[in-house]
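Chains, contacts and geometry: an overview
Residues per chain, in single letters:
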Amino acid sequence: MSRKPKSFFLFFLPILSMGLFSCSSPIHHLEYVYAYGTTWEIHLYEGEKADAENLASFVSSSSRVLDLDSRVEGGIGLLNQVGQVKADPFLLDAIHLASEVEELSKGSFSISLAKLTSSWLTSLEKGEALSEEVVSSLLEEAKQTHLKIEGDVIYKIGDGQIDLGAIGKGLCLDKIKIKLDELGIKKYLINAGSSSLLIGENSSSSGEVKVNLDDLKGKYFQAKNIAVSCSSISRQKYEIGGEVYSHIIDANTGLASARHQAAILVGDKAGLLDGLSTCLMNLGESELKEFEKGGIKGALIDKEGLVYASEGFLL
């Protein structure tokens with residue numbers, strides 16, 4: 001689908017909303033694709049329609065590699081089912097990225113929580129919390145599960161299940177950024193299910209895009225040529241017996257909990273941001289300050305308001 005853009009685009013996202021591109025923008029190529037469990041919007045304001053279509057195709061193919069239910073050759077679904085695979089390069093890259101996130105978060109990120117996460121969500125959807133015994137058992141199983149890589153062959157050690165969903169969208173965006181740079185396309189917005197974004201340049205003199213925060217009314221930041229990752233429980237939480245539970249599992253305790261309402265990060269590496277923003281939901285100001293040393297900026301938000309924001313980040 002191609003169309004002339006209106007004078008002002010406003011994207012309403014669960015966590016962010018933004019105005020993007022003026023009437024001076026060239027033809028708008030828009031592709032929708034369902035992948036990584038969500039709907040993607042690929043907006044290109046330069047290049048050809050075929051460029052948007054090719055990006056959509058890449059999103060779909062990479063998603064299948066990390067789909068837990070897929071038996072695609074070299075994918076994670078097959079790895080979980082048979083215990084070893086000659087890995088697709090995208091899967092290998094995802095595993096290496098996961099190791100980087102785990103190191104930076106000091107163990108607050110884990111890729112072996114698939115069974116525990118599934119059990120929590122199934123239970124919460126029934127209006128019930130998991131028992132301490134079940135949580136303890138599945139968390140211990142996850143801790144005893146790890147991967148061994150020999151060349152391009154990956155072996156799963158242990159009975160847990162591997163899930164790279166927390167960084168999959170971000171890694172895909174990192175690959176897309178490389179493709180966009182090769183094509184010389186600078187004006188774009190890639191919206192990966194509203195929580196992971198790749199923002200190019202606006203047609204304004206500064207090229208910056210204004211991004212409003214739905215979780216913090218009246219605050220915004222300006223950005224261009226950058227990735228954004230958001231984690232939030234404002235629309236994904238469960239209240240049972242007076243307790244609030246979330247879809248985010250704490251890798252340290254095994255609980256379906258979140259210390260904050262939202263965590264928002266911006267930086268150069270979308271995959272890294274995806275993993276760290278998830279971890280930050282159960283971490284704090286000191287950890288975000290550590291991430292800032294690597295060029296990342298962000299904010300932590302509670303239901304009462306702003307907890308912490310990097311210097312100069314929010315306006």
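Because the structure is a prediction, the values reported are computed rather than measured. (Residues numbered from 1 in each chain as written. Predicted model: local features only at pLDDT ≥ 70, side-chain atom pairs only at ≥ 80, totals over all residues. Heavy atoms only, no water.)

Another aspect to go through is the overall build of the protein. Summing up its helical and strand segments, the protein has eight helices and 18 strands in all. Taking 315 residues into account, the globule formula puts the C-alpha radius of gyration at 20 Å, and the protein, at 20 Å, falls close to it. Sorting the 315 residues of the protein into buried and exposed places 53% on the buried side. Once local pairs closer than 6 in sequence are excluded, the contacts in the protein between residues at least 24 apart make up 60%. Carbon and sulfur atoms make up 47% of the accessible area of the protein, which totals about 14,600 Å². (Helix = DSSP H or I, 4+ residues; strand = E, 2+ residues; numbered from the N terminus. Rg over C-alpha atoms; globule rule 2.2 N^0.38 Å. Buried < 20%, exposed > 50% of the residue type's maximum accessible area, 1.4 Å probe, protein only. Contact = heavy atoms within 4.5 Å. Areas by Shrake-Rupley, 256 points an atom, 1.4 Å probe, with all protein chains shown as cover.)

Running from N to C, helix α6 (residues 165–183) and helix α7 (residues 270–280) cross one another at 160°; their axes reach a closest spacing of 6 Å. When the interaxial angle is binned, α6 and α7 end up roughly antiparallel. The two elements α6 and α7 meet at a crossing, and its hand is right-handed. Each of Ala166, Ile167, Lys169, Gly170, Leu171, Leu173 and Asp174 in α6 lies in contact with α7, whose residues at this interface are Ala270, Gly271, Asp274, Gly275 and Thr278. In the contact of α6 with α7, the residues fall into five nonpolar, four polar and three charged. (Axes fitted to C-alpha atoms, helices over the stretch in contact; angles between N-to-C directions. Parallel < 35°, antiparallel > 145°, perpendicular 65-115°, else oblique. Left-handed = near helix turned anticlockwise from the far one by under 90°. Nonpolar A, V, L, I, M, F, W, Y, C, P; charged D, E, K, R; others polar.)

Covalently bonding the sulfur atom of one cysteine to the sulfur atom of another cysteine gives a disulfide. Per the stated rule, a full pass over the model turns up zero disulfides. For the unlinked cysteine Cys172, the closest cysteine sulfur is that of Cys230, found at 17 Å. Unpaired in this structure, Cys279 has its nearest cysteine sulfur neighbour in Cys230, at a distance of 15 Å. Assessed through its relative accessible area of 4%, Cys279 is described here as buried. (Disulfide = S-S within 2.5 Å.)

The first and last C-alpha atoms of helix α5 (residues 132–143) sit 16 Å apart over 12 residues, in line with the 16 Å expected at 1.5 Å per residue. Of all the positions in α5, only Val135, Leu138, Leu139 and Ala142 are classed as buried. Along the axis of α5, the buried residues cluster in a sector spanning 100°; they form a single face. Those residues of α5 that are buried lie in contact with α4 (114–125). (Expected span 1.5 Å × (residues − 1). Arc of directions from axis to C-beta.)

Per the counting criterion, the structure on display carries four aromatic pairs. With centroids separated by 5.6 Å and ring planes inclined at 35°, the aromatic side chains of Tyr36 and Trp40 adopt a geometry described as tilted. Each ring, one from Phe58 and one from Phe90, has its centre 6.3 Å from the other, and the planes form 80°; the classification is edge-to-face. Linking Phe58 in helix α1 (residues 49–65) with Phe90 in helix α3 (residues 89–104), this pair joins segments that are 32 residues apart in sequence. The two residues Phe58 and Phe90 agree in class, both being buried. We note Lys148 situated over the ring of Tyr155; from NZ or CZ to the ring centre the distance is 5.3 Å. Positioned above the aromatic ring of Phe58 is the side chain of Lys179, whose terminal nitrogen or guanidinium carbon lies 4.7 Å from the ring centre. (Phe/Tyr/Trp six-rings, centres within 6.5 Å; stacked < 30°, edge-to-face > 60°. Lys NZ or Arg CZ within 6 Å of the ring centre and 35° of its normal.)

A side chain with one charge may pair with a side chain of the opposite charge, provided their charged atoms come close. In total, this model carries 11 salt bridges according to the counting rule given. Here Lys175 and Asp93 are joined by a salt bridge, their closest N and O atoms 2.6 Å apart. Taken together, the positions of Lys175 in helix α6 and Asp93 in helix α3 put the pair 82 residues apart, joining distant regions of the chain. Exposure remark for Lys175: the relative accessible area of 24% places this residue in the partly exposed category. Glu141 is the partner of Lys115 in a salt bridge, and the nearest nitrogen-oxygen pair spans 3.4 Å. Remark: Glu141 occurs in helix α5 and Lys115 occurs in helix α4; sequence separation between them is 26 residues. (Salt bridge = Lys/Arg side-chain N within 4 Å of Asp/Glu carboxyl O.)

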